[in-house]
Amino acid sequence: LDHLRNYCIIADMWFVIVSLILSFGVLAWSDKLLKNHRLSQEFARKSSHILSGTLVAFWPWFISWNWIAILAAIYLLGVILSRKTSLFKDVRFVNRLSWGEYFYPTGVIAICLIQPTNIVFAVAMLHFSLGDAFAAIIGREYGKNPYQYKVFGQTKSIIGSLVFVAISLCLVGSLLLFSTYSLSPWLILVVPLVATILENIGEYGSDNLLVPLGVVIMLNI
């Protein structure tokens, strides 16, 4: 039994290690394609956003909350160092003032302090990785004038917000379909609405913290 337990621990850590390697690899690949003008800046940035956030969403099934918080803190340190050295500068560039790279790991650490159920953590993180990313990609492509509006000076698109609402509805609804999580019916509508509002008012990239943290808080009411 001890040997089996050790093998399970090693397998769990390998998932985390492989997910970190994949995330770094996609970031480097996107940066290279962007420099060669073979990938748009928005898609290059969001591709690593989607992969890393989606993999992190499943970490609670493999490692403890303490380890997730430690890895998030290491990621935050890495962001600070990359800003100092301009590492992956092209793929990380956004044409507005943003501290989203800092808010993302900070949000993960904050959620670890709450320690929600694994499925709630996954749903919250997928709001960040899938909802935010696809809303930005599709909104930028199809949500141009006159289908735009401004929130605190930031340009948003109606179609991008609708994409975010649709993804949020699917994620929250999955709690009822694929888990034994007890969910109040009114939350199925309230969570997507509030999450979309948080995504809209999250100035300077703070939506990377507000959205997943807000989803966790609402689903733990």
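The preceding data block contains the structure.
None of the values given here were measured: they were computed from a predicted structure.

Criteria and cut-off values
Residues numbered from 1 in each chain as written. Predicted model: local features only at pLDDT ≥ 70, side-chain atom pairs only at ≥ 80, totals over all residues. Heavy atoms only, no water. Salt bridge = Lys/Arg side-chain N within 4 Å of Asp/Glu carboxyl O. Helix = DSSP H or I, 4+ residues; strand = E, 2+ residues; numbered from the N terminus. Buried < 20%, exposed > 50% of the residue type's maximum accessible area, 1.4 Å probe, protein only. Core = buried A, V, L, I, M, F, W, Y, C linked by side-chain atoms within 4.5 Å. Contact = heavy atoms within 4.5 Å. Phe/Tyr/Trp six-rings, centres within 6.5 Å; stacked < 30°, edge-to-face > 60°. 1 Å grid on protein atoms, 1.4 Å probe; cavity = no way out; pocket = protein on both sides within 12 Å on 5 of 7 lines; lining within 4 Å. Points joined across faces, edges and corners; volume = space filled by probe spheres on them. Pairing = 2+ DSSP bridges.

Here we take up the pattern of salt bridges. One pass over the structure, following the stated rule, counts one salt bridge. Put simply, Lys156 and Glu199 hold a salt bridge, and the shortest N to O gap is 3.8 Å. With Lys156 in strand 2 (residues 154-157) and Glu199 in helix 8 (residues 187-201), this pair connects stretches of sequence that are 43 residues apart. By relative accessible area, Lys156 is classed as buried at 14%.

Turning next to the nonpolar core. Ranked by internal contacts, the top residues of the largest apolar core, which has 42 residues, are Met125, Val215 and Leu219. At the level of secondary structure, the elements contributing two or more residues to this core comprise helix 2 (41-57), helix 3 (65-85), helix 5 (100-114), helix 6 (118-142), helix 7 (158-178), helix 8 and helix 9 (207-219). With nine residues, the top contributor of residues to this core is helix 6. Here Leu219 is in contact with Val120, Val123, Leu175, Tyr181, Leu183 and Val191, once residues within four sequence places are set aside.

Across all of its chains, the model carries four aromatic pairs by this definition. Plain terms: the ring middles of Phe58 and Trp61 are 5.9 Å apart, the flat faces sit at 35° to each other, and that makes the pair tilted. A residue is classified by how much of its surface remains accessible, and Trp61, at 40% relative accessible area, is partly exposed. With a centroid separation of 5.5 Å and 80° between ring planes, the pair formed by Tyr75 and Tyr104 is classed as edge-to-face. In this pair, Tyr75 is assigned in helix 3 and Tyr104 in helix 5, connecting sequence segments 29 residues apart.

The subject of this paragraph is the environment of Pro105. Along the chain, Pro105 turns up in helix 5. Among the residues examined, Pro105 registers a relative accessible area of 1% and is labelled buried. Residues Pro105 and Leu76, 29 residues apart in the sequence, show an inter-C-alpha distance of 5.8 Å. Once you skip the residues sitting within four places of it in the chain, Pro105 turns out to touch Ala72, Tyr75 and Leu76.

Turning next to empty space enclosed by the protein. Within the structure shown, the criterion is met by one cavity of 30 Å³ or more. Counted as a void, the largest cavity has a volume near 30 Å³. Contributing to the lining of the largest cavity are His127, Phe128, Asp132, Phe164, Glu199, Asp207, Asn208, Val211 and Pro212. When residues in the lining of the largest cavity are grouped by element, the largest group, four residues, is from helix 9.

In this section: the pairing of strand 2. Pairing of strand 1 (residues 148-151) with strand 2 involves four bridges; the strand directions are antiparallel. For Val151, the partnering residue across the bridge sits in strand 2 and is Gln154.

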